[in-house]
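Spelled out, the chains give:
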Amino acid sequence: MITSSTKLFRTLATAKTQKFFKLSESYIESAYSEFVDELEQLVRRKAYYLDTLRNLYNIDVDLDYNIELICKDVMHEHRLLQAIIKRLKSKVQYEIQIANLRMNNPELDDFSSKDYQSPLHWDTTEYTQSDLMELISGFYELKVLRCINGKPASLNMLVQEFQKFVNLKITNSDAARCSILNRKKEVAKFTGRMASCLVERSQL
């Protein structure tokens, strides 16, 4: 657990004793910096937002607990300790707000920064970008794919995820979707082919 393993919380544990006053300002500042580094590693870790939020709330509770243990006289006397705790609370609360924002608005994520590389590739020798866009449009219209907050995935989010999934860049996805919807015939050319293949397979 980040609170028990960091130098900062070990430092706070001594704040109710005279031992704390023997610590140098540089030591306390380095303890704070170490905690911030570990906190940022936590929020950057690839995990479900609910898990990240749970960890952040636990850190916030542990921080409040440690503050309660510190004698008010010590807090009043040691101005650096006051400043460190204020910065800590602000930092943790900020990360909680960001995690909540990302959970409720998944489309705000920077997909390009993620290093996931899918082993799958779209067969461009037989199928086109338009075929992929038709498939994505079907998922979008059905609202079958949803975000962690329960809301239907946006078209932009679906395009971003499918592009990564099949390693194919769709040029101007909005125009591609409009082109599909404006077809005079065979609006579901690709997905219709998929349906036909399933029917044929079921009759073997």
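Let us look at the structure shown here. Just so we're clear, the structure is a prediction, and the values are computed from it rather than from any experiment. (Residues numbered from 1 in each chain as written. Predicted model: local features only at pLDDT ≥ 70, side-chain atom pairs only at ≥ 80, totals over all residues. Heavy atoms only, no water.)

### Things to note about the side chain of K91
Then, number 1: Within the secondary structure, K91 sits in helix α6 (residues 79-104).
Then, number 2: For K91, a relative accessible area of 17% gives the class buried.
Then, number 3: Those residues within four positions of K91 in sequence are excluded, and the remaining contacts are V36, L39 and E40. (Helix = DSSP H or I, 4+ residues; strand = E, 2+ residues; numbered from the N terminus. Buried < 20%, exposed > 50% of the residue type's maximum accessible area, 1.4 Å probe, protein only. Contact = heavy atoms within 4.5 Å.)

### Side note on the packing of aromatic side chains
Then, number 1: According to the stated counting rule, one finds four aromatic pairs in the structure shown.
Then, number 2: When the ring of W122 is compared with that of Y127, the centres are 6.2 Å apart and the planes differ by 65°; the resulting orientation is edge-to-face.
Then, number 3: Members of the aromatic cluster, connected to one another through ring pairs, are W122, Y127 and F190.
Then, number 4: Taking the ring centre of Y140 as reference, the NZ or CZ of K143 above it sits at 3.7 Å. (Phe/Tyr/Trp six-rings, centres within 6.5 Å; stacked < 30°, edge-to-face > 60°. Lys NZ or Arg CZ within 6 Å of the ring centre and 35° of its normal.)

### Section: helix α8 (residues 155-166)
Then, number 1: Compared with an ideal rise of 1.5 Å per residue, which puts twelve residues at 16 Å, α8 spans 16 Å between its outermost C-alpha atoms and is within 8% of the ideal.
Then, number 2: L155, M157, L158, V159, F162, Q163 and V166 are the residues of α8 that are buried.
Then, number 3: Elements in contact with the buried residues of α8: α7 (129-142) and α9 (173-181).
Then, number 4: After α8 finishes, the residue N167 shows a positive phi value of roughly 55°. (Expected span 1.5 Å × (residues − 1).)

### Here's the deal with the pattern of salt bridges
A pair can form between side chains of opposite charge whenever their charged atoms are brought close.
Then, number 1: Under the defined criterion, the tally for this structure stands at eight salt bridges.
Then, number 2: Here K89 makes a salt bridge to D64, at a shortest N to O gap of 2.7 Å. Within this pair, whereas K89 is found in helix α6, its partner D64 is found in helix α4 (residues 49-69), the two being separated by 25 residues in sequence.
Then, number 3: Look at D64 and you get partly exposed, because its relative accessible area is 33%. (Salt bridge = Lys/Arg side-chain N within 4 Å of Asp/Glu carboxyl O.)

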